[in-house]
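Descriptive analysis of the structure
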Amino acid sequence: MCQLMGMNCNTPTDFTFSFKGFARRGGETDKHEHGWGLAIYEGRGLRTFHDPLPAAKSRIADFVSQYPIQTLNMMAHIRYATQGTVSLENVHPFQREMWGIQWSFAHNGEVPKFTGKDFKKFPRLGRCKELFYYPVGETDSEAVFCAILNALRAEFPILPTLPNLYETIQRLCAEIVEGEEDTTILNFLLGCGKFTQFAYSWPGKRPGSKVWNGLFYTIRKPPFATATLKDVDYAVDFTTCTNPNDRVAVIATAPLTSNEEWREFKKGELLMFDNGWGYSELYDCHEVEQQGRGLVSNNMPKQCGGCPQAQSGFNAPTLLRNLVDEYFREQGQADSSSSSSSSSSSILPFAKEGADLGCGSGCSGLAFRDCVTRLTGVDISPEMIDRAKLRGCYDNLLVGDIETAIQDANSKFDIVF
């Protein structure tokens, strides 16, 4: 099957290092020799390169691997044809304009629901009643892309916020897989502008094949080190060519380097990449939206992402904190007629030691910080712990699970959330 590569950054970065190794898999170190393509976001524009020749032998690919185009968001694809002829129209990434935004899509896998039929007979996802986008080529990949766009177009008459978009894409992926869970392989990258890229994985192996088709990612961030490519004898010391604030997320079908830590996507996992981080919680997507990094269009009005209703709908930690405050207000009114007892703020903090299990990026820590004297955050993801550190609301942060918190020397917690 095909292979994918994506990159998402917090500062404009060139992709030549990762692409140099990735392109070797297009007919040299692997058999993906039926074409390759690149989609690179530059402002509101999308620069693309496509070639039906093997990437390892393509003069265009050789040129691109030496041309340091800087971007916040890009994707690449090398093809091994299982559906459709070896021709330019079947080369990924595919692109379409929707809502005045350039969308791009690259896929690895096989999707039975979108295989071997007239496109008009394929399932219509979500609320889609009529077709607007049609595939040009013959692949199930392009058919899936068009089906997703048709569903999004039917779902949103105005530009959606990131949490709404995340939630909808997640639901559409479940629709695609439903009923064909054992035979579907659906790994894709979906770009929707200069900031944002979605990545989804429903991994698997084709019948009779030993090749596992999934998705992995790594995040390059300080302290930087030397990275060595797997597919070519080449390494870069990133301490010599980065700044202290740089951060780059690299996504690939299989790890591109031999000495970096790569995490495999869970089955059915959807991540939204922005600013060099991967997000999977709606309140994180909402926070990114509030930073002005949502979808950008000159032609479509946008959902109200800043109104109280929208904020509360995607901010579970704040909702939970409001429930705690309401409980203490009711308790205070029941226990005493004194106005000094009618608010939880009059008795804060109400616990000495607190533990935020599965703290993620730290939104819960912010919401409950003033409830405890000392707050410990615990998460199994080192990158989440790194993001939680930036909040400045934890006294202690641990990488691990619940047992890690229990075994910690200072783990006599009065409250756990």
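Before reading further, recall that the structure is shown in the block above.
Worth saying up front: this structure is predicted, and the values here are computed from it rather than measured. (Residues numbered from 1 in each chain as written. Predicted model: local features only at pLDDT ≥ 70, side-chain atom pairs only at ≥ 80, totals over all residues. Heavy atoms only, no water.)

**Topic: the state of the cysteines**
Taken as a whole and judged by the stated rule, the model has zero disulfides. For the unlinked cysteine Cys 2, the closest cysteine sulfur is that of Cys 146, found at 16 Å. Under the relative-accessibility criterion, Cys 2 is labelled buried at 10%. A relative accessible area of 0% means that Cys 146 is categorised as buried. (Disulfide = S-S within 2.5 Å. Buried < 20%, exposed > 50% of the residue type's maximum accessible area, 1.4 Å probe, protein only.)

**Some details on the packing of helix α4 (residues 162-177) against helix α5 (residues 282-290)**
Across the interface, α4 lies against α5 with an axial gap of 7 Å and an inter-helix angle of 140°. Considering the angle they form, α4 stands oblique to α5. From α4, Leu 162, Pro 163, Tyr 166 and Glu 167 reach across to α5, where they touch Leu 282, Cys 285, His 286, Val 288 and Glu 289. Looking at side-chain class alone, the contact of α4 with α5 contains six nonpolar, one polar and two charged residues. (Axes fitted to C-alpha atoms, helices over the stretch in contact; angles between N-to-C directions. Helix = DSSP H or I, 4+ residues; strand = E, 2+ residues; numbered from the N terminus. Parallel < 35°, antiparallel > 145°, perpendicular 65-115°, else oblique. Contact = heavy atoms within 4.5 Å. Nonpolar A, V, L, I, M, F, W, Y, C, P; charged D, E, K, R; others polar.)

**Things to note about the nonpolar core**
The tendency in soluble globular proteins is for nonpolar side chains to be buried as a group. Core analysis: the biggest nonpolar cluster contains 63 residues, and Trp 103 and Leu 152 have the highest contact counts within it. Of the residues forming this core, the biggest block, nine residues, is contributed by helix α3 (residues 140-155). (Core = buried A, V, L, I, M, F, W, Y, C linked by side-chain atoms within 4.5 Å.)

**Considerations on the packing of aromatic side chains**
Applying the stated rule across the entire model yields 18 aromatic pairs. Centroid distance Trp 99 to Trp 103: 5.7 Å. Interplanar angle 75°. Geometry classified as edge-to-face. In this pair, the class of Trp 99 matches that of Trp 103, namely buried. With centroids separated by 5.0 Å and ring planes inclined at 5°, the aromatic side chains of Phe 105 and Phe 145 adopt a geometry described as stacked. On the criterion of sequence distance, the pair formed by Phe 105 in strand β6 (residues 101-110) and Phe 145 in helix α3 is long-range, its members being 40 residues apart. Of the two residues, Phe 105 and Phe 145, neither departs from the other in class, the shared state being buried. One aromatic cluster in this structure is built from Phe 105, Phe 145, Phe 188 and Tyr 200. Here Lys 31 stacks its cationic end above the ring of Tyr 80, 4.6 Å away from the centre of that ring. (Phe/Tyr/Trp six-rings, centres within 6.5 Å; stacked < 30°, edge-to-face > 60°. Lys NZ or Arg CZ within 6 Å of the ring centre and 35° of its normal.)

**Quick look at the sheet that holds strand β17 (residues 372-379)**
Picture the strands of a sheet paired through backbone hydrogen bonds; they go either parallel or antiparallel. Pairing within the open sheet is parallel, and its four strands lie in the order β18-β17-β16-β19. At either margin of the open sheet sits one strand with a lone partner, and together these are β18 (396-399) and β19 (415-416). Bridge count for β17 against β18 is four bridges, and the pairing is parallel. Pairing of Thr 376 across the sheet is with Asn 396, part of β18. Running at roughly 170° to β18, helix α9 (residues 382-389) makes contact with β17 and β18 of the sheet. (Pairing = 2+ DSSP bridges.)

**As for the layout of surface pockets**
Remark: the empty space left among the atoms is shown by a probe the size of a water molecule rolled over them. Estimated volume of the largest pocket: approximately 970 Å³. Around the largest pocket, the lining is made up of 38 residues, and of these Tyr 217, Arg 263, Ser 381, Pro 382 and Glu 383 lie nearest the centre. Broken down by secondary-structure element, the contributors of at least two residues to the lining of the largest pocket are β9 (216-220), β10 (226-228), β14 (269-274), β17 and α9. Looking at the lining of the largest pocket residue by residue, the classes come out as 17 nonpolar, nine polar and twelve charged. Volume-wise, the second largest pocket comes out at about 400 Å³. (1 Å grid on protein atoms, 1.4 Å probe; cavity = no way out; pocket = protein on both sides within 12 Å on 5 of 7 lines; lining within 4 Å. Points joined across faces, edges and corners; volume = space filled by probe spheres on them.)

**Quick look at the environment of Ile 415**
Assignment of secondary structure puts Ile 415 in strand β19. Spatially, the C-alpha atom of Ile 415 lies 6.5 Å from that of Ala 355, the residues being 60 residues apart in sequence. Setting aside residues no more than four positions away along its own chain, Ile 415 makes contact with Phe 350, Ala 351, Glu 353, Gly 354, Ala 355 and Val 372.

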